[in-house]
Each structure stands twice: as structure tokens, then as C-alpha cells.
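Take a look at the letters that make up each chain.
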Amino acid sequence: MNLLEGLNPQQQQAVSAGTGPILVLAGPGSGKTRVLTHRIAYLIGVLGVRPYNILAVTFTNKAAREMEQRVVHLLGENTRGLMLGTFHATCARLLRREAEHLPFDSSFVIYDADDQVSLVKTALRELNLDEKQYRPQGIHALISNAKNELILPDDYPVQTYRDEVVSRVYRRYQELLLASNALDFDDLLLWTALLLEQNPAVRERYARRFEHVLVDEFQDTNQAQYSLLKHLASFHRNLYVVGDTDQSIYGWRGADYRNVLRFQKDFDDAQVILLEQNYRSVQSILDVATAVIDRNPYRTPKRLFTERGAGQKITLYEAYDDRNEAEYVVETIAALVARGQSRPGDFAVMYRTNAQSRLLEEAFLRNNLPYRLVGAQRFYGRREVKDVIAYLRLVHNPSDEVSLTRVINTPARGIGNKTYLELRTEAQKLRLSSGALLLKMVEKPGLPQLKAMGRRAADALSKFGEMLARWRAVKDETSPLELIDRILLEVDYRAYIDDGTEEGRDRWENVQELRRLASEYQEQGLTPFLEQLALVSDQDTVETNGNAPTLLTLHAAKGLEFPVVFIVGLNDGTLPHARSFDDPDAMAEERRLLYVGITRAKDRLFLVYSQFRSQFGYQEAVEPSRFLEDVPEALVDSPQLSRSRPTSPYASDAVRWQAPGRGSAPVVQQRYHPGMHVRHPVWEDGMVLNSRIQDDDEILDIFFEKVGLKRVAASLARLEIRQ
DNA sequence: ATGGACAATGTTTTT
DNA sequence: CATTGTCCAT
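Along each chain, residue indices are assigned from 1 in the same order as the chain's sequence is written. Each chain gets a letter, beginning with A, and each ligand a number, beginning with 1, in the order they are written. Where totals are concerned, whole chains, interfaces and linings use all residues; where local detail is concerned, this predicted model gives features only for residues with pLDDT of at least 70, and gives and counts side-chain atom pairs only at 80 or more. The side-chain values count all of the structure's non-hydrogen atoms but skip hydrogen atoms and water molecules.

**Comments concerning the pairing of strand β1 (residues 22-26)**
Among the five residues that make up β1, five are buried, leaving the element largely enclosed by the rest of the structure. Because side chains alternate across β1, one face comprises the buried residues Ile22, Val24 and Ala26, and the other comprises Leu23 and Leu25, equally buried. Here, a strand pair is defined by DSSP locating no fewer than two bridges between the strands. Numbered from the N terminus, helices here are DSSP runs of H or I no shorter than four residues, and strands are runs of E no shorter than two. Bridge count between β1 and strand β8 (residues 271-275): five bridges; the pairing is parallel. Considered in β8, the bridge of Leu25 is made with Leu274. One ladder, built from four bridges, connects β1 with strand β7 (residues 239-243); its direction is parallel. Bridging across to β7, Ile22 finds its partner in Tyr240. When accessible area is computed with a 1.4 Å probe and restricted to protein chains, residues below 20% of their type maximum are described as buried, those above 50% as exposed, and intermediate ones as partly exposed.

So this is what it looks like as C-alpha cells:
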């Protein structure tokens, strides 16, 4: 197969470029992923590089999965040994392998943002600092930023008293992490960068191995990531980065698009290749996008062009208020579908903040139309899910203080704050983690520490300790699913969570979803399961092949495309967000965010703003977004402003492309039917026996040839429909 | 120790 | 307004 076939000259140049540092500046829709995957295939298939000597990193698991599939598709199965994954997963792997050089051991657990904040709280309390004055969230953000810039507690710049406090909290926070044998998200990058920096032997081993290092979305890298990339490519200097500074929207997370400039400075022999042909959008949409982004300073102008034709004008709509805005969106979608111009799945509605999804959801619900919501309430962020995960983590690693804190009295078992505090104090005296002390109390029931406490407290503690010890005893012989079931049973979790209300039922259903997830790790065991849980993100669960409009934030929209895009809430204060007003860099990022949104659209674009907006309870007059001033009038079509009294929703049956679902939950299109043959990644072939919509998911009963009857959630099980 | 009622408080984006 | 924390009665 000719790997250059079907590529335009710029893409061919990028794919077949020689070795050495290479920077590909890829405009939106210019076939960036295509270039990257063809490049990998080219290295292996044409240049004869062994897959083992290639590293490719992405930001999301979804991107990694997609690339992997496409490379395999191009090469056949010829990719064994290729290291392809997210920054975080790749670093986690490397750190586990090299743990002997590091102050933690290879069974470390990974703390997410919630865990991080609770650990900051612990540190604040230990240092007798006021949580009101030093908000944990804020402190956490500062620590996180420092880590992203490779600043350790000792180097934390202190100019004010507050800085001094932060550096103290940071130091303690880091100690607590190590005591828990835990790393936070940022640590994965930080420790990897430090290890490569400070350990020449390790650095050289990896640098020699990776003859080629490829990076997706390079504009989103932070300093830690840039540093570790440089180290990994330090021997062969074949660093191939693809990105677009105009799509840099993660500055608040430490991403620094100036890494693109740094790259050109650090590698002054780098080849720079520009991809300007857009395969996604019609010209009118590209022109609007260009007009908006051109106002940003310090950028290399790109001339985006397309062969998809001029396209129709974009639509600008002024609604009376935000409720009307949502109604307009839903009505318009319904009308376009009713006219047969588009299918429901063609639409995306994008907004600046998650909170804005609510009015949209309500509008869809009022009109009995289904929709897909991306992100918002994170599955893994739900209390019951976190509880069960915390139990698993504690069994895996009893030193995990954050998890212990979470579950030691959940469900309530008579271990209150005071008892837990005593346990911690005693543990600290013995230089043990609380979990370790608990286990020790079980081994040696006569420990003096027990006597120091009240009888009731000691009883409750040892009962919990015994449970923990029992789970640990079986953890290596049982599958994650069996372990979960055992834990659920022994702590009587269902009785705690499922109180008979609808909410309780939902909660229990979430636990069931976690069980289903666990069942995919039957053979692999607890460690990979926990790692997977820690490193999946919302982005990874976005499915674009649904049959209903997608609601998502502008951030979540990056990397996706839709035939018709609505961007709502184009008001000053919302987009750009008020918090960015006083910072020119932040304002530039807001503008890029709008640019990303606009360039998601293939055929049609609707920009929507309103005169009034309810901030919280109150309705407030708001201004249209200042960014709208930069949209050339010639490209805009504004419908006559007749909506201060909204027309009645299109209620004809024609527009109800699906019957309303039960309850108030979002309705999901049924995609599976009895008799359908499907394939599951683990259980392989099976036949659908039954399908029902429940909550916002489709629940399937499937009979698998190999393992028999299973119940799965369509959104979670990666099913493939077979003909 | 527990659970409920009330108050305060704070609202961006998330690997 | 919706979540989170704090206080108070059991």
C-alpha cells in the first residue's frame, strides 16, 4: 500500500519528511491525525523502524485509541511494541517500571482532582491554617501550577506571606502524598521529568530506545511535558510535534503554547510544515473563524482554505433571554430535522460553562426530544462510585489515607471524627500510616494503642481492620468484580445507598455500572483496573456516532466535528468569561475557544446570544460578546427578531424523532434490538436478547457464545454491531 | 456518633 | 441557586 496516496502535497511532505526535529503546524480540519498516523506507518513500513523504537503521545485516551486503530489499519498487525498512549498513562507506566529509583513503590495509586483537594485540606488542618482564608481549591491550583512548571516546594517563589503559606502547604502536601504511596495527576509528569533530568542512566536508556517521538496537540503541553519530551528525544533528536497555537485552550491547566516557539528555538534546525487546507468546513465558516482569530496578537497567520465550496452564511440570533436562547436552539434543530435536511445526530450545541447545559436540557425535555450530554456530572465523580473505588484502592494500598478517610465511616460504623483522629495520632507516633496501624491491630490484638481508646471506638476500629485484612488476604486470587461484590456485601453498601427513592435507585445503578466496568478486567486484575479508573476522562467517553444532538462545552468539543454547530451564550461575561476580562492572555484564550467552536462546524453555524441572562436567580441585562464585533457582516444572516414572545414549539409528531422516555431522565436513542449480533472486546460474539432504555443509557441483555448471559450498559461496553 | 436544619459561600474550562 | 460546611438536638 502506498502510504502517501490520497494525501495533499503538504501532508505528503509532513508524512515523508526526513529525520530530525519536525514541527507540523496544522490548522483545524487539516488532517492532523491522518498525518500523524500515516507518519507512524511510514516510519515502520517504509523506513523500517521497529515499532518498539517509537513513542507516540496524546492527551486523551480516545485520541490514542483512534490513532492505534488507524495505524493498525494501515499496517496490519505489524505494530507490536509500539508505545502509544496518553502522557499520563505513559508516565505512569514508566514510573512503575523505574520505581526503584524513586521515593515511592510501584504500586502507587493515582489521585484525581477531588483527592488532591482533600489532601490539601488535610495539610491545611495539620498546619493549623484557616480553610476560609486559604481556600483548598485555590491552594491546590497554585500547587498544581507549580508542579506543571517543575517547581518543587523548596524552589517555590516567596514574595508575600501568602506565598510562604502556600509553599509550606505544598511541602506538607507532598509529604502526605508519599506517605500514602500516592501520586497526583501532576506528579506523573513531574516525577518523570525529574527522573529523566536527574538520572542519566535511565534517561539514556529511554532516549536510546525511542528513535522517534511523536506528539499530538503539542500546543497543549506544559513545561513538565516539554521537558520530559526533550529528554526522551535527547539521543536521536527525532521529535515530531503536531499542533496549532490557535487551538491552545488549556492555558489554565499549565499548557503553554509558547512551547511551540521554544521548540523552534531549542531545535533551530527543525523543519516546519504548514497544513492549511481544510477538509471540514465550507468557506464561509472558515472566513468567520479567520476573522475572529486574526484579532489575536503574536500569531503566525494561516490561510485556511477549502474545496468544499462557499457555503451558506452563518446565522446570528439574538434571543430575549437564556431560556429563549435554548428554546430557539431546540426549535431550530427540530425544524431542520423535520424538513429532512439534517439528522438529529448532525447537531452539536456548545457553550462556555457546564452550568449552561441545564436550560438546554430542559428545552429538549420540554419538547420530548432526545439529546446527548457530554461531561457535566462525571460518572467517576459521583459519590457512590468514588466510595467503591476508595475501598478498592484501600485494599490495594492500605497507606492510601485519602481513601481511608473516605470510607472508614462510610457507611456509618461508629468511627466518628474523634476516633479517626485518635487512630491517626497513634499511627503518627509509630510512624505508620493509619491503614497500616489498623492492620497491625488485627494481627496483634493486645496492642497498647487499643487500650488508650474507648472500648467502643476500639471495637469499631478492629472490626473495620478485620474486614480490610480479609479483603487483602483474597485480593490476589479474586477478580476485581468479585472483590467489589464482597466489599459491597460485607459493608452492606446497598442498604446505605439505595434508600428506596429514585435517587437511591440511580445511585445503586451507578454502582452496577462500575461492576460492569470491573467485569472487563476479570483476568487483568486490580492494578490495571485502578489505573484505568484513574486515567480515563470525560473526553474519552464522547461518542459522536449517536443519533441525537450533542451538548458539550467548547473545551470538550476540541478534536470533534459536526455538520451543524450552535454556539450559545455569546455574551460578554460568559464568552469571554468575566474572569478573563482583566488578563490579556486569558482573553486571547477565550477568543481561541470561540475559534475552536466555530471550526468544529462543517456546513452550518449558528451563533446565539441574548439580551438578558439569569446569573443566579436574578435576571441581568447583558451585552453581546465583544468577539461578535469581529464577525464580518457580509457573512451573517440574522433571522427577523420576532422572538421576544417565543412562538410555540414545533410540536408536530414529525419532529419527534423518538417517543418520549420515562421519567425526567434524558432520552437516549435505542441502538440495539433483540436478535442483533454484537461483538464485545472481552467476551467476543454474542446476541442481543433484550434492550431497554434506562436513565441516560441503554441496558442490554446479551447472550455471549463464550461466557453466557451478561447485562451491559451500551455506553460503557465497547460493543461492535456485526452484520 | 449521627443526622437534620440552617447558613454561608461561591460559581470556567479538566488530563 | 445549589452545593458545602457548621451547628445543634437526638
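**With respect to the packing of helix α4 (residues 87-97) against helix α10 (residues 223-232)**
Working convention: axes come from line fits to C-alpha atoms, limited for helices to the stretch in contact. Angles between N-to-C directions cover 0 to 180 degrees. Remark: α4 packs on α10, axes separated minimally by 12 Å, with the N-to-C direction vectors making an angle of 55°. As far as their axial angle goes, α10 and α4 are oblique. For the element pair α4 and α10, the recorded crossing hand is left-handed. Contact residues: Phe87, His88 and Cys91 in α4; Gln225, Leu228 and Leu229 in α10. Basically, the charged four are Asp, Glu, Lys and Arg, the nonpolar ten are Ala, Val, Leu, Ile, Met, Phe, Trp, Tyr, Cys and Pro, and anything else, Gly included, counts as polar. A breakdown of the residues in the contact of α4 with α10 according to their chemical character gives four nonpolar, two polar and no charged. With respect to orientation, any angle under 35 degrees is reported as roughly parallel, any angle over 145 as roughly antiparallel, any angle of 65 to 115 as roughly perpendicular, and every other angle as oblique. Handedness of a helix crossing follows the sense of rotation of the near helix relative to the far helix, less than a right angle counterclockwise being left-handed and clockwise being right-handed. Any two residues having at least one pair of non-hydrogen atoms within 4.5 Å are treated as being in contact.

**Some remarks on the sheet that holds strand β12 (residues 347-351)**
In spatial order, the strands read β13-β14-β12-β15-β16-β11-β19; together these seven strands make up an open sheet with parallel pairing. The open sheet terminates on both sides in strands that have one partner only, identified here as β13 (372-373) and β19 (636-637). Summarising the sheet, strand β11 (residues 314-319) and β19 pair through two bridges and their orientation is parallel. In the strand pairing of β19, Ile314 is matched with Val636. Against the sheet, helix α12 (residues 283-293) touches β11 and β16 (601-610), its axis set at about 50° to β16.

**Considerations on helix α23 (residues 502-519)**
A helix's residues, less one, multiplied by 1.5 Å, set its expected span. The terminal C-alpha atoms of α23, which comprises 18 residues, lie 26 Å apart, in line with the 26 Å expected from a rise of 1.5 Å per residue. Most of α23 sits out of view: 13 of its 18 residues are buried.

**Points about the protein's contact with DNA strand B**
Of all residues adjacent to DNA strand B, which total 25 residues, the nearest are Phe59, Arg352, Asn354, Asn409 and Phe616. Taking the atoms of DNA strand B that fall within 4 Å of the protein, sugar and phosphate contribute 52% of them. Polar contacts, as counted here, are pairs of nitrogen or oxygen atoms within 3.5 Å of one another; within protein the pair requires one atom able to donate a hydrogen and one able to accept it, and residues that are adjacent in sequence qualify only if both atoms are side-chain atoms. At 3.2 Å from a sugar or linking oxygen of DNA strand B is found a side-chain nitrogen or oxygen belonging to Arg253. Partitioned by chemical class, the residues of the surface near DNA strand B number five nonpolar, 12 polar and eight charged. We call a residue near a molecule or strand whenever a single non-hydrogen atom of that residue lies within 4 Å of it.

**A look at the nonpolar core**
If you look at the biggest cluster of nonpolar residues, it comprises 66 residues, and the most contacted ones within it are Val169, Leu188, Val213, Val215 and Phe263. Here this core takes eight residues from helix α8 (residues 185-198), the largest share from any one element. Excluding residues within four positions of it along the chain, Phe263 makes contact with Pro21, Ile22, Leu23, Phe218, Tyr226, Leu239, Val241 and Ala270. Here the nonpolar core consists of buried residues drawn from Ala, Val, Leu, Ile, Met, Phe, Trp, Tyr and Cys, with membership extended through side-chain atoms lying within 4.5 Å. Counting residues in each nonpolar core, the second largest holds 48 residues, with Leu438, Met453, Ile497 and Leu533 among its members.

**Digging into the confidence of the model for chain A**
A residue's pLDDT is the predictor's confidence in that residue, given on a scale from 0 to 100. In this model, chain A carries a mean pLDDT of 86, and residues with pLDDT of at least 70 account for 90%. Mean pLDDT values over the elements of chain A span from 62, in helix α19 (residues 448-452), up to 97, in strand β6 (residues 212-215). For the stretch residues 641-667, pLDDT sits under 50, and the model shows 51 contacts to residues farther than four places along the chain or on other chains.

**Regarding the pattern of salt bridges**
Definition used for salt bridges: Asp or Glu carboxyl oxygen within 4 Å of a side-chain nitrogen of Lys or Arg. For the coordinates displayed, the defined rule picks out 47 salt bridges. The salt bridge involving Glu561 is made with Lys602; its shortest N-O contact spans 3.4 Å. Of this pair, Glu561 sits in the loop between α25 (554-557) and β15 (562-567) while Lys602 is found in strand β16, placing the two residues 41 residues apart along the sequence. Accessibility expressed as a relative area gives 36% for Glu561, which makes it partly exposed. When salt bridges that share partners are traced, they join Asp112, Asp114, Asp115, Lys386, Arg393 and Asp400 into one network.

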